[in-house]
Amino acid sequence: PMMPAPLSLTQSFRTLAALICLSLVLGGCGYSDEMHQRQTLRKLLWHGKFVELDQAIDQAYRERQKGKLSSNRLRGRFWELQQTDGNFAARFDAWVANRESAHAYLARGWYRLEQASKIRGDGPFRSIPAQRVTAMRDLALRGTEDMAQALRKDPLCAMCVSGQIYANLLLGQTDPTLLDTAISLDPKLYQPFVLHLVPLSPQWGGSDDAMTDFIDEMERRGIDRSILDRLQAQRLFQLGLIQQYDTRDFAGAREKYEQAIAHFPDSDALKNLAELYSAQGNHAKAASLLERNLSENDEWDLYSIEALAQAYFADGRESDGNRMLRRRAELYSRYRNGE
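> Would you take a moment to explain the packing of aromatic side chains for this structure?
The description of an aromatic ring pair uses the distance of the two centres, along with the angle that the planes make with each other. Applying the stated rule across the entire model yields 5 aromatic pairs. When the centroid spacing of 5.8 Å and the interplanar angle of 35° are considered together, the rings of Phe237 and Tyr257 count as tilted. With Phe237 in helix H12 (residues 225–246) and Tyr257 in helix H13 (residues 250–263), this pair connects stretches of sequence that are 20 residues apart. This pair shows no difference in class: Phe237 is buried, exactly as Tyr257 is. A network of ring pairs unites the aromatic residues Phe92, Trp95 and Tyr111 as a single cluster. Looking at Arg327, its charged tip hangs above the ring of Trp300, at a distance of 3.8 Å from the centre. Just above the ring of Trp300 sits the side chain of Arg334; from NZ or CZ to the centre is 4.9 Å.

> Is there a simple way to explain unusual backbone geometry in this structure?
Phi is mostly negative for residues that are not glycine, and the peptide bonds are mostly trans. Despite not being glycine, Glu100 shows a phi value in the positive range, around 50°. Here Glu100 shows up in the loop between helix H5 (89–99) and helix H6 (102–120). Looking at Glu100, the relative accessible area reads 46%, which means it is partly exposed. The backbone of Arg248 sits at a positive phi, close to 60°, despite the residue not being glycine. Position of Arg248 relative to the elements: it lies in the loop between H12 and H13. Using a relative accessible area of 52% as the deciding quantity, one classes Arg248 as exposed.

> What am I meant to see in the state of the cysteines here?
Chemically, a disulfide is nothing more than a covalent bond linking the sulfur atoms of two cysteines. Per the counting criterion, the structure on display carries 1 disulfide. Through a disulfide, Cys157 is tied to Cys160; the S-S separation comes to 2.2 Å. Residues Cys157 and Cys160 are joined by a disulfide whose S-S torsion is about 85°; by sign, that bridge is right-handed. The exposure class of Cys160 is buried, given its relative accessible area of 0%.

> Looking at this structure, how should I read the nonpolar core?
Nonpolar side chains in soluble globular proteins generally cluster together in the buried interior. If you look at the biggest cluster of nonpolar residues, it comprises 45 residues, and the most contacted ones within it are Leu45, Phe78, Phe92, Trp95, Leu106, Leu113 and Met159. Per-element tally for this core: the top contributor is helix H8 (residues 158–171), with 9 residues. Those residues within four positions of Phe78 in sequence are excluded, and the remaining contacts are Ile57, Tyr61, His103, Leu106, Ala107 and Met159. Within the second largest apolar cluster, 33 residues are counted, among which are Phe237, Leu241, Tyr277 and Tyr303.

> What is the right way to read the environment of Pro176 from this model?
Inspection of the secondary structure assignment puts Pro176 in the loop between H8 and helix H9 (177–185). Judged by its relative accessible area of 62%, Pro176 falls in the exposed class. The sequence separation of Pro176 and His196 amounts to 20 residues, and the corresponding C-alpha distance is 9.0 Å.

> When you look at the side chain of Arg254 in this model, what are you seeing that I'm missing?
Of note, Arg254 is situated in helix H13. Not counting chain neighbours up to four residues away, the residues in contact with Arg254 comprise Leu273, Leu276, Tyr277 and Gln280.

> It is not clear to me how the confidence of the model for the protein chain should be interpreted in this structure. Could you clarify?
In low-pLDDT segments, the atomic positions of the prediction should not be examined closely. When pLDDT is averaged along the protein chain, the result is 91; 91% of the residues meet or exceed 70. Long-range and interchain partners of residues 1–10, a stretch whose pLDDT sits below 50, account for 21 contacts in this model, where long-range means more than four residues apart. Every residue in residues 17–28 is under pLDDT 50, and counting partners more than four places away or in other chains gives 32 contacts.

> What should I look at first to understand H8 in this one?
Along an α-helix, residues three or four apart share an orientation, since each turn contains 3.6 residues. For H8, spanning 14 residues, the distance from its first C-alpha to its last is 20 Å, which sits close to the expected 20 Å at 1.5 Å a residue. The element H8 is extensively covered by neighbouring structure, given that 13 of its 14 residues are classed as buried. Positive backbone phi, approximately 75°, marks Gly172, located one or two places after H8.

> Can you help me understand the packing of helix H2 (residues 34–46) against helix H3 (residues 50–65) in this one?
Packed helix pairs are specified by the crossing angle of their axes together with the interaxial distance, meaning the distance between the axes. Remark: H2 packs on H3, axes separated minimally by 8 Å, with the N-to-C direction vectors making an angle of 155°. As judged from the angle between their axes, H2 and H3 are roughly antiparallel. Here H2 and H3 pass one another in a crossing that is left-handed. Together, Leu41, Leu44 and Leu45 of H2 and Phe50, Glu52, Leu53, Ala56 and Ile57 of H3 make up the contact between the two elements. For the contact of H2 with H3, the per-class residue count stands at 7 nonpolar, no polar and 1 charged.

> Help me understand the environment of Asp175, please; the structure alone is not making it clear to me.
Examined against the element boundaries, Asp175 turns out to sit in the loop between H8 and H9. Judged by its relative accessible area of 34%, Asp175 falls in the partly exposed class. Put simply, Asp175 and Leu151 are 24 residues apart on the chain and 17 Å apart in space, counted from C-alpha to C-alpha. Within the local environment of Asp175, its side chain forms a polar contact with the side chain of Thr177, the two groups lying 2.6 Å apart.

The rules behind the values
Numbers given for residues are sequential positions, taken from 1 along each chain in its written order. For this predicted model, a pLDDT threshold of at least 70 governs which residues receive local features, and a threshold of 80 or more governs which side-chain atom pairs are given and counted, while totals over whole chains, interfaces and linings are taken from all residues. Side-chain numbers here rest on the full set of heavy atoms in the structure, without hydrogens or water. Put simply, two rings from Phe, Tyr or Trp (the six-membered ring, in Trp's case) pair if the centres are within 6.5 Å, and we call them stacked under 30 degrees between planes, edge-to-face over 60, tilted for the rest. Each helix is a run of H or I in the DSSP string that is no shorter than four residues. Each strand is a run of E no shorter than two, and both are numbered from the N terminus. Burial status follows relative accessibility: with a 1.4 Å probe on protein chains alone, a residue under 20% of its type maximum counts as buried, one over 50% as exposed, and anything between as partly exposed. Think of it as a cone above the ring: NZ of Lys or CZ of Arg counts as a charge over the ring if it is within 6 Å of the ring centre and within 35 degrees of the ring normal. Cysteine sulfur pairs qualify as disulfides if the two atoms are within 2.5 Å. Residues grouped as a nonpolar core are buried Ala, Val, Leu, Ile, Met, Phe, Trp, Tyr and Cys residues, joined through side-chain atoms within 4.5 Å. The criterion used for residue contact is that any of the two residues' heavy atoms lie within 4.5 Å. The quantity known as pLDDT measures the predictor's confidence residue by residue, on a range of 0 to 100. Given the number of residues in a helix, its expected span is that number minus one, multiplied by 1.5 Å. Think of each axis as a best-fit line through the C-alpha atoms, taken over the contacting stretch in the case of a helix, with angles from 0 to 180 degrees between the N-to-C directions. Here roughly perpendicular refers to angles of 65 to 115 degrees, roughly parallel to angles under 35, roughly antiparallel to angles over 145, and oblique to all remaining angles. Crossing handedness follows the turn of the near helix against the far one: under a right angle anticlockwise gives a left-handed crossing, and clockwise gives a right-handed one. Gly is placed with the polar residues, together with every amino acid not listed as nonpolar (Ala, Val, Leu, Ile, Met, Phe, Trp, Tyr, Cys and Pro) or charged (Asp, Glu, Lys and Arg). Think of a polar contact as two N or O atoms within 3.5 Å of one another; within protein, one of them needs to be a possible hydrogen donor and the other a possible acceptor, and neighboring residues in sequence only count if both atoms come from side chains.

Written as structure tokens, this is what we have:
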């Protein structure tokens, strides 16, 4: 059967957001995976269960302290909250007003920064209409205020400092001390490192040398090898983007993405590489890359599920394609029901 083209990353997120809002329920059907943990936080927020919400996040922090939950997976749970749409704005405000907890300020801060980023959109800053710039700056500044409040209540909050770094990117500001602060608080949290790396890329007016120098500096400082490998993967991914979309050097882009995933199975590099192989007609290779992304990153990634169904059907693997369609239907059901 013919399948529609997979949704883009932006379209996939919008599709999910459209499914989430008023249909969230408190019941579940036995899921216990990481997506269920993230969904639980969102359900509690939507239903105004702010005491339970803070308690659930407290429990996650305790699991991190015991080594049962990584810093980056904990960050992913706040990422789930920040991805909610405009219908959640009043919920974040009510959470802060009712609890005034560090968790509430941190979550609302990231939500505001995410909304600011969406207002900014893609493309050069100079091309953004003045009205959008004003709205973006207002939200980014309010997000910064939330991060500061969260830090006052939890001085060990590395995610708060990471939020300040991101706000500075939106506002066109720099503060070199923030990365050092974030590292001192949690050297295993990846986000502050990548937020420092990406503005050094050619797309931001930097260079490959600038990115390489930064990674070398982090290695001299004894940063964990897992972080360094992820940074190398991100560096190569950024270079691959230029070749794929700017110079249209698809062979060069494939080489860069292959090098990237040799360091770390970066989700975006795997997806872009699969796209390039599909364009070549090598659907079996594309499928293997998407399978790897689901296995090593997020087993419920909508883009990968849809693209994998497309690759299976194109490769004549109808049974596997239909299996992915059933998985997509299950994913939609989980989002509709908040499971």
